[in-house]
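Each chain, written out:
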2 protein chains.
Amino acid sequence: MGSVTDGRDLTARATIRNAALRLFAERGHDAVTVREIASAAGVSPALVLHHFKSKDGLRAAVDAHAAESLDALFAELGGQELTEMLARGGASASVAEAFVQVFPSGSPLPAYLRRLLLTNDPAGAALFARWYATTRGVLDAMVESGIAAPTEDPAVRAAFLLVSDLAVILLREQIAAAIGNDPLTPTGLARWARDVTAVYTGGAFAAPGKEPPS
Amino acid sequence: MGSVTDGRDLTARATIRNAALRLFAERGHDAVTVREIASAAGVSPALVLHHFKSKDGLRAAVDAHAAESLDALFAELGGQELTEMLARGGASASVAEAFVQVFPSGSPLPAYLRRLLLTNDPAGAALFARWYATTRGVLDAMVESGIAAPTEDPAVRAAFLLVSDLAVILLREQIAAAIGNDPLTPTGLARWARDVTAVYTGGAFAAPGKEPPS
DNA sequence: CCACGTACTTAACAAATGTTTAGTATTTTG
DNA sequence: CAAAATACTAAACATTTGTTAAGTACGTGG
């Protein structure tokens, strides 16, 4: 009976929602049963259906809650923190960095973000659309202020930067296995960001007929 | 070759496996029932269990078949095609490019690759490990021949290039919605590759205290 | 104190699902 | 050709699943 109350005396509704968030993130919506969620939350299965009208209602509530948390996280990237970070020499702020800084290491949110983006549900699409819009805005500002290079296709540029960032979260386990560091830990992310910054500032390949960057 | 066509001269076993591949890719393993697979393949549910011992056995067979097709695809990238492409001025060969060239537009394999990498099953991890090893080898060769820039952390560099490439497949729908072109079509990919190549050859951001690339 | 709504549980139900059994066609093989 | 094996189906089985019914504890407002 792993009580998933995160330290605080949460309302039962929130406890259930948190348990569902964790289980959904770990194993996927369909592979988790209402009884498992209830057991993890320490309540009866019927109470789950009492608070949320159905399993799908619970899923919607979890989606909404996760999207809210994730948006709050991402919002910091678009705010003052961003320009501050950029001024300090970091090439860019990343979603991965925000994850490492804000969420505890065992947080189910990275895995849930994965599910949100993978399953073609509206919540995931909406989340991506919001983040993409923010990315475009930030990138425009960075070009304006001379931090980022202009491009003929800013839509693709912004999308590329965003998805390359998200890929770290989506493929976290595979990256960890490949390079020997979990990229969503401070150590791993520092190592990751170092080389990625090099690519973003100097490139990685030679232009046709030219020398590659040192 | 990875023939995904439901040609009528296929053995029933292959027909079932292809139907399962498509359904698994579209909706996920757990959301698809044996009866649905049987119906899609035009056979009785019991026959599915007769050929593959269980639903999980079918899943394993589909995993193996998909991994084989995908590996065949990726192998071309490591072979002669790669150096040929590179010589012709393309900055790099990508998995996405291979998908567009080899698979018909309605192929379930991109979506299945997504599931393979997302669900932490061993088949997906093994696939990524193989692809990562190939990527590292190719990158080393490219550095050797002066096409790619050397880096202090080749493990991260190779991982970054691979996952940024895979991200196009993983987030295909979201990218399509954002930029208005499906990146797994010739048109969309050409547009995508153009700007990504620019980043990979010249970077996207200014190094601290320097001007960004033009 | 009483009525009442909310939180909550136990127990059961109906549908769906993976799987099995038993049997029929069809192909292979000695 | 006979026999054995394989391909295949129809029907049932056992379990699991989401959901509901009915009832109990409990705090709140009148």
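Before reading further, recall that the structure is shown in the block above.
Residues numbered from 1 in each chain as written. Chains lettered and ligands numbered in written order. Predicted model: local features only at pLDDT ≥ 70, side-chain atom pairs only at ≥ 80, totals over all residues. Heavy atoms only, no water.

**Topic: the protein's contact with DNA strand C**
In the region of DNA strand C, 16 residues are neighbours, and Ser44(A), Thr33(B), Val34(B), Arg35(B) and Lys55(B) sit closest. Put simply, 55% of the atoms of DNA strand C that lie within 4 Å of the protein are in sugar or phosphate. Residue Ser44(A) places a side-chain N or O atom 2.8 Å away from a phosphate oxygen belonging to DNA strand C. Note that a phosphate oxygen of DNA strand C is positioned 3.0 Å from one of the backbone N or O atoms of Val34(B). Ranked by residues supplied to the surface near DNA strand C, first place goes to helix 3 (residues 45-51) of chain A with four residues. Per-class residue counts for the surface near DNA strand C are eight nonpolar, five polar and three charged. (Near = heavy atom within 4 Å. Polar contact = N/O pair within 3.5 Å; in protein donor to acceptor, adjacent residues only side chain to side chain. Helix = DSSP H or I, 4+ residues; strand = E, 2+ residues; numbered from the N terminus. Nonpolar A, V, L, I, M, F, W, Y, C, P; charged D, E, K, R; others polar.)

**Side note on the pattern of salt bridges**
Residues and elements named next belong to chain A. Across all of its chains, the model carries 20 salt bridges over all chains by this definition. A salt bridge links Arg-22 to Glu-26; the shortest N-O distance between them is 3.9 Å. With Arg-22 and Glu-26 both in helix 1 (residues 12-27) and four residues apart, the pair spans about one turn of that helix. Glu-36 is paired through a salt bridge with Arg-27; the nearest N and O atoms lie 2.7 Å apart. Residues joined by salt bridges that share partners form a network here, namely Arg-59, Asp-63 and Asp-121. (Salt bridge = Lys/Arg side-chain N within 4 Å of Asp/Glu carboxyl O.)

**What to know about the interface of chain B and chain A**
Across the contact, 58 residues belong to chain B and 58 residues belong to chain A. Regarding the contact of chain B and chain A, the summed buried area is about 5,200 Å², with carbon and sulfur atoms giving 67% of it. The three residues of chain B that bury the most area against chain A are Leu118(B), Phe160(B) and Phe205(B), which together make up 15% of that side's buried surface. Linking chain B to chain A there are six salt bridges. At the junction of chain B with chain A, the criterion picks out 19 residue pairs in polar contact (both at pLDDT 80 or more). (Contact = heavy atoms within 4.5 Å. Buried area = accessible area lost by both parts, 1.4 Å probe.)

**What about the relation of the copies chain B and chain A?**
In screw terms, the move from chain B to chain A is a rotation of 180° and a rise of 0.0 Å along the axis, fitting with an RMSD of 0.1 Å. Both copies of the chain, as the preceding transformation shows, are related through a two-fold rotation axis. When C-alpha distances to the rotation axis are compared across chain B, the minimum falls at Gly203(B), with a value of 2.1 Å. When you check the interface residues of chain B against chain A, 100% turn up at the interface there too, and the contact is symmetric in its surfaces. (Least-squares fit on C-alpha atoms with pLDDT ≥ 70 in both.)

**Looking at the side chain of Thr135(B)**
Residue and element names in this part refer to chain B. Positionally, Thr-135 belongs in helix 8 (residues 122-144). Thr-135 gets classed as buried once you look at its relative accessible area, which sits at 14%. Separated by 2.8 Å, the side chain of Thr-135 and the backbone oxygen of Trp-131 make a polar contact. (Buried < 20%, exposed > 50% of the residue type's maximum accessible area, 1.4 Å probe, protein only.)

**Description of the protein's contact with DNA strand D**
Around DNA strand D, the structure places 16 residues, and the nearest of them are Thr33(A), Arg35(A), Lys55(A), Ser44(B) and His51(B). Taking all atoms of DNA strand D within 4 Å of the protein, the share assigned to sugar and phosphate is 56%. Between DNA strand D and Arg35(A), the relevant distance is 2.9 Å, taken from a base oxygen to a side-chain nitrogen or oxygen of the residue. Note that a phosphate oxygen of DNA strand D is positioned 2.7 Å from one of the side-chain N or O atoms of Lys55(A). Contributions of two or more residues to the surface near DNA strand D are made by helix 2 (34-41) and helix 3 of chain A together with helix 3 (45-51) of chain B. It is helix 3 of chain B that contributes the most residues to the surface near DNA strand D, four residues altogether. Residues that form the surface near DNA strand D fall into these classes: eight nonpolar, five polar and three charged.

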